[in-house]
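A look at the structure
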Amino acid sequence: MQVIILPALILLSTSSLFSTVCCAPNHHHNNHNGKKTILDSFGLLFCIIAWSLWYIVVSKSAPPEVSNMLIPSFVTVVECWEMLHRHQHFLKEFQNLSKNIQLENWPIFQEFFINMLMYGRAHRDAIEHLSRVQGTTGDLSTKNKSSLQVASCYYFLGEFKHCLQILFDVVLSLPHSTTASPKSAIGRCPARFLYFMGYNNKEILQYTISMLLKLYKCKDNIDDTYKDIALGYMLVLMQYDMEHEYELLNRIIETIKKAKSFCFPKFFNYIINVDILEEISYLATPVGGGVNLEILFHSHGSWSSQHELLTVGVNQKGLRKKLKQAFVNQMARCYENIDNLFIEFIKEEDKYLLLPLSDSL
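Below is a short write-up of the structure. Quick caveat, the model's predicted, so the values are computed rather than measured.

What counts, and where the lines are drawn
- Residues numbered from 1 in each chain as written.
- Predicted model: local features only at pLDDT ≥ 70, side-chain atom pairs only at ≥ 80, totals over all residues.
- Heavy atoms only, no water.
- Helix = DSSP H or I, 4+ residues; strand = E, 2+ residues; numbered from the N terminus.
- Contact = heavy atoms within 4.5 Å.
- Areas by Shrake-Rupley, 256 points an atom, 1.4 Å probe, with all protein chains shown as cover.
- Buried < 20%, exposed > 50% of the residue type's maximum accessible area, 1.4 Å probe, protein only.
- Arc of directions from axis to C-beta.
- Polar contact = N/O pair within 3.5 Å; in protein donor to acceptor, adjacent residues only side chain to side chain.
- Core = buried A, V, L, I, M, F, W, Y, C linked by side-chain atoms within 4.5 Å.
- Expected span 1.5 Å × (residues − 1).
- Phe/Tyr/Trp six-rings, centres within 6.5 Å; stacked < 30°, edge-to-face > 60°.
- Lys NZ or Arg CZ within 6 Å of the ring centre and 35° of its normal.
- Patch = residues over 30% accessible without salt bridge, like charges linked within 9 Å, V, L, I, M, F, W, Y side chains within 5 Å.
- Salt bridge = Lys/Arg side-chain N within 4 Å of Asp/Glu carboxyl O.

Okay, the overall build of the protein next. On a plain count of helices and strands, the protein comes out with 16 helices and five strands. Pairs at least 24 apart in sequence give 74% of the contacts found in the protein among residues at least 6 apart. Surface accessibility of the protein: about 18700 Å² in total, with carbon and sulfur atoms responsible for 56%.

Encoded structure:
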């Protein structure tokens, strides 16, 4: 199984390395008739030390036999590498061996070295090495995996614009799905953790969307020009992991109620979640607050020109009935493939998604 290691949600693809390491403990136990050895104790200690620094999470899409061994194997390799470099004798022998077998030219070693840089938070160095990988391969999946790692490094460096632009490029290269998406692969995790992520549409999209939504949530003051756009984008983004976003939905609904109006021309292009549709449609009723919803129209101009073109709302004659029918029609879209919806969303909106966040990127 190929995986990607992502610091704070992203990592790298080194499945063959971890498979090789996983085999070693089995041979070791067999040779000692099941007795616990000093090396076993060190292995356990390595896991405890690493876990005290990072939370380590494996994708739910990984088979149990892989997920059970991946974390201790990764931690053991990291600690062995550090041990080699703490002792001059070991280091000298290792350098001689590396030179004889030209280890630096091995793709698996290059991947591991990048892992080490990311794990050690040497993000600038990791970006430099990953850029070389991208320049020497024509394989799309290899480029995408390294791009995900580069984006992760930029995120840790606080360069969120670079991070998101790279993630958007990766998403736009993904093929459309022909089957229904499985349940979300990333559960609720701590803010800082290592994540062994599967290379598939679902997990790449969720990583990208969670990053973008997190930045919107953390944005305290959004320019008045972009307030409704930001609220609309958050409504779209929360659909991907809706079960964890009801608190955010309630806050957005209260904000719209207080404003007494909501203008998001592309609402019906991207909102298909039934709960969101019901909440927004209720706002237009007298009991729900009589909010003026300007969500029926869409064009392909800039956001500012769209806002100028929208001169009517649902409180004007004839539009309430039209809006009600639009919500009924939209309910029928609730079973659409959400992966494909978000690929299309990022494709159409990538030029505008960062505008409400521009002064904080």
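The rest of the description comes next.
The next thing to look at is helix α13 (residues 274–283). Buried residues of α13: I276, L277, I280 and L283, and no others. Mapping the buried residues of α13 onto a view down its axis gives an arc of 125°, with all of them on the same face. For α13, the capping residue at the N-terminal end is N273, with a side-chain oxygen 3.0 Å from the backbone nitrogen of D275.

This next bit is on the nonpolar core. The tendency in soluble globular proteins is for nonpolar side chains to be buried side by side. Membership of the largest hydrophobic core comes to 77 residues, with the highest contact counts inside it found for L235, F267, I280 and I295. Among the nonpolar cores identified, the runner-up in size contains 17 residues, and L70, F74, F112 and M116 belong to it.

So, on to the environment of I280. Mapped onto the elements, I280 comes out in helix α13. Taking C-alpha positions, I280 is 8.6 Å from L293, a pair spaced 13 residues apart along the chain.

Take the side chain of N292 next. Tracing the sequence through the fold places N292 in strand β5 (residues 292–294). When its relative accessible area of 17% is taken as the criterion, N292 is described as buried. A distance of 3.5 Å separates the side chain of N292 from the side chain of E294, its partner in a polar contact.

An ideal rise of 1.5 Å per residue puts 26 Å on 18 residues; helix α9 (residues 201–218) measures up with 26 Å between its terminal C-alpha atoms. When you tally the buried positions in α9, you get 14 out of 18 residues, the bulk of the element. For α9, the N-terminal cap is N200; the gap from its side-chain oxygen to the backbone nitrogen of K202 is 3.2 Å.

Time to look at the packing of aromatic side chains. Taken as a whole, this structure holds 15 aromatic pairs when the rule is applied. A centroid spacing of 6.2 Å and a plane angle of 20° characterise the contact between F109 and F113, whose relative ring orientation is stacked. Pair noted here: F109 and F113 are both in helix α5 (residues 107–119), with a separation of four residues, about one helical turn. Among the residues examined, F109 registers a relative accessible area of 14% and is labelled buried. Judged by centre distance (5.8 Å) and plane angle (70°), the rings of Y233 and F345 are edge-to-face. Of this pair, Y233 sits in helix α10 (residues 227–238) while F345 sits in helix α16 (residues 338–349); the two residues are 112 residues apart in sequence, bridging distant segments of the chain. The ring of Y199 has K145 lying over it, and the distance from NZ or CZ to the ring centre is 5.3 Å. The cationic tip of K202 hangs over the ring face of Y240; the distance from NZ or CZ to the ring centre is 4.3 Å.

Quick look at a nonpolar patch on the surface now. A contiguous nonpolar surface patch, about 270 Å² in accessible area, is contributed by L97, I101 and W106. Looking at the secondary structure, you find W106 in the loop between α4 (88–101) and α5.

Right, let's get into unusual backbone geometry. Backbone geometry places Q102, a non-glycine residue, at a positive phi of 55°. Relative to the helices and strands, Q102 resides in the loop between α4 and α5. Of note, the phi angle at K260 is positive, near 65°, even though the residue is not glycine. Note on placement: K260 falls in the loop between α11 (246–259) and β4 (261–263). The exposure class assigned to K260 is partly exposed, which follows from its relative accessible area of 48%.

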